[in-house]
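This is what each chain is made of:
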Amino acid sequence: QILNLAIDGTVLHTFDTPGLHHPFTDLPDGSVAWAAEEGSYDNELVKIVHRDDSVDTLFDCQAWLAEAGIGGWCGSNTLSYRPETDRYLFSLFSIETIVEIDGTTGQATRWFGHAPGSWGFDPPGSAFWWQHGGYVTDAGTLLTSADSTADGGETIIREYTFDDAHETLDAVWTFGIGEG
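As a starting point, this report considers the structure included with it. Every value quoted in this text rests on a predicted model; they were computed, and no experiment measured them.

Here we look at the overall build of the chain
Along the backbone of the chain there are 1 helix and 15 strands. Its C-alpha atoms give the chain a radius of gyration of 17 Å, near enough to 16 Å, the size a compact globule of 180 residues would have. Counting only C-alpha atoms and orienting by the principal axes, one finds that the chain spans roughly 45 × 40 × 30 Å. Counting the 180 residues in the chain, one finds 47% classified as buried. Long-range pairs, those at least 24 residues apart, make up 33% of the contacts in the chain with a sequence separation of at least 6. Total accessible area on the chain is roughly 8,800 Å²; 50% of this is exposed by carbon and sulfur atoms. Side-chain charges in the chain split into 6 positive and 29 negative, and the spacing between the mean points of these groups amounts to 5 Å.

Structural data, given as structure tokens:
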């Protein structure tokens, strides 16, 4: 369950969120979207519970993996929403990829990381690994924390611009390299 609380601790609403594993996000209309573990620990659905307690399923990760021809399983750590574009970012640590999901259709519109079909990185050495987070900033950039290398390296923060023409994430800022 997710509790909606007032500043004084008064419970304003209790949302039932079966299968809640890691991420959830508040939506502008007072609903809550969350990643729901389905069956076993290899699939997650993005679900939305509304203030009237009705529930909609927006996205089925395993179905998307199968449709896109991507092997692996679905384990997430972040779900964010951007009302200006009606898009969600769903960070899947299990395939080191952030998936953008259309908030109306539930379709994956593009994905960033290491799953087949992902956008590239410019420069190639600016790829993220084991990312946690995936947020579009007010400036329209993608921000995530990650490992600096496939072998772990160190935890860093990377910021990218979206290059739609070349389908790449162009690194514009990194914090933490050499910080241990």
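Quick look at the packing of aromatic side chains
Per the counting criterion, the structure on display carries 13 aromatic pairs. Ring plane angle 70 degrees and centroid distance 6.1 Å describe the contact between Phe128 and Tyr160, whose orientation is recorded as edge-to-face. Here the residue Phe128 occupies a position in the loop between β11 (120–122) and β12 (129–136), and Tyr160 occupies one in strand β14 (residues 152–163), the gap between them amounting to 32 residues. Residue class for Tyr160 comes out buried when judged on its relative accessible area of 0%. One aromatic cluster is present, formed by Phe59, Trp64, Phe90 and Trp111 through successive ring pairs. Just above the ring of Phe162 sits the side chain of Arg110; from NZ or CZ to the centre is 4.6 Å.

Thoughts on the nonpolar core
Counting 22 residues, the largest nonpolar core has Phe59, Trp64, Tyr88, Phe90, Val99 and Ile101 as its most contacted members. Secondary structure elements with two or more residues in this core: β4 (32–37), β5 (44–49), β6 (55–60), α1 (61–68), β8 (87–92), β9 (97–102) and β10 (108–113). One finds Phe112, Trp119, Ala127 and Tyr160 within the second-largest nonpolar core, a separate group that totals 11 residues.

Here we look at the sheet that holds β6
Strand order in the open sheet formed by 4 strands is β3-β4-β5-β6, with antiparallel pairing between adjacent strands. The sheet is open, and its two edges are formed by β3 (20–26) and β6, each paired on a single side. Strand-to-strand twist across the sheet, computed as the mean angle between neighbouring axes with direction ignored, equals 25 degrees. The pairing of β4 with β5 spans 6 bridges and is classified as antiparallel. Bridge pairing in β5 places Trp34 opposite Lys47. α1 contacts β5 and β6 of the sheet and is inclined by roughly 30 degrees relative to β6.

Thresholds applied
Each residue is numbered by its place in its chain's sequence as written, counting from 1. Whole-chain, interface and lining totals are the exception, using all residues; otherwise, since this is a predicted model, local features are given only for residues with pLDDT of at least 70 and side-chain atom pairs are given and counted only at 80 or more. Heavy atoms throughout the structure, all of them, feed into the side-chain values; hydrogens and water do not. To qualify as a helix, a DSSP run of H or I must reach at least 4 residues; to qualify as a strand, a run of E must reach at least 2; elements of each kind are numbered from the N terminus. We take the radius of gyration over the C-alpha atoms and set the globule estimate at 2.2 Å times the residue count to the 0.38 power. Buried, partly exposed and exposed residues are distinguished by accessible area as a fraction of the type maximum, computed with a 1.4 Å probe on protein chains only: under 20%, between the cut-offs, and over 50%, respectively. Contacts: residue pairs with any heavy atoms within 4.5 Å of one another. Using the Shrake-Rupley algorithm and a 1.4 Å probe, accessible areas are obtained, with residue cover drawn only from the displayed protein chains. Here Asp and Glu are counted as negative and Lys and Arg as positive; His is not counted, and neither are the chain ends. For the purpose of locating charges, the reference atoms are NZ of Lys, CZ of Arg, CG of Asp and CD of Glu. Here the aromatic set is Phe, Tyr and Trp, taking the six-membered ring for Trp, and pairing holds for ring centres within 6.5 Å; pairs whose planes are under 30 degrees apart are stacked, those over 60 apart are edge-to-face, and all others are tilted. For a ring to carry a charge above it, either NZ of a lysine or CZ of an arginine must fall within 6 Å of the ring centroid while also lying within 35 degrees of the normal to the ring plane. Each nonpolar core is a collection of buried residues, namely Ala, Val, Leu, Ile, Met, Phe, Trp, Tyr and Cys, held together in the definition by side-chain atoms within 4.5 Å. Strands are treated as partners if at least two bridges between them are detected by DSSP. For helices, the fitted line uses only the C-alpha atoms of the stretch in contact; every axis is such a line through C-alpha atoms, and the angle between N-to-C directions lies from 0 to 180 degrees.

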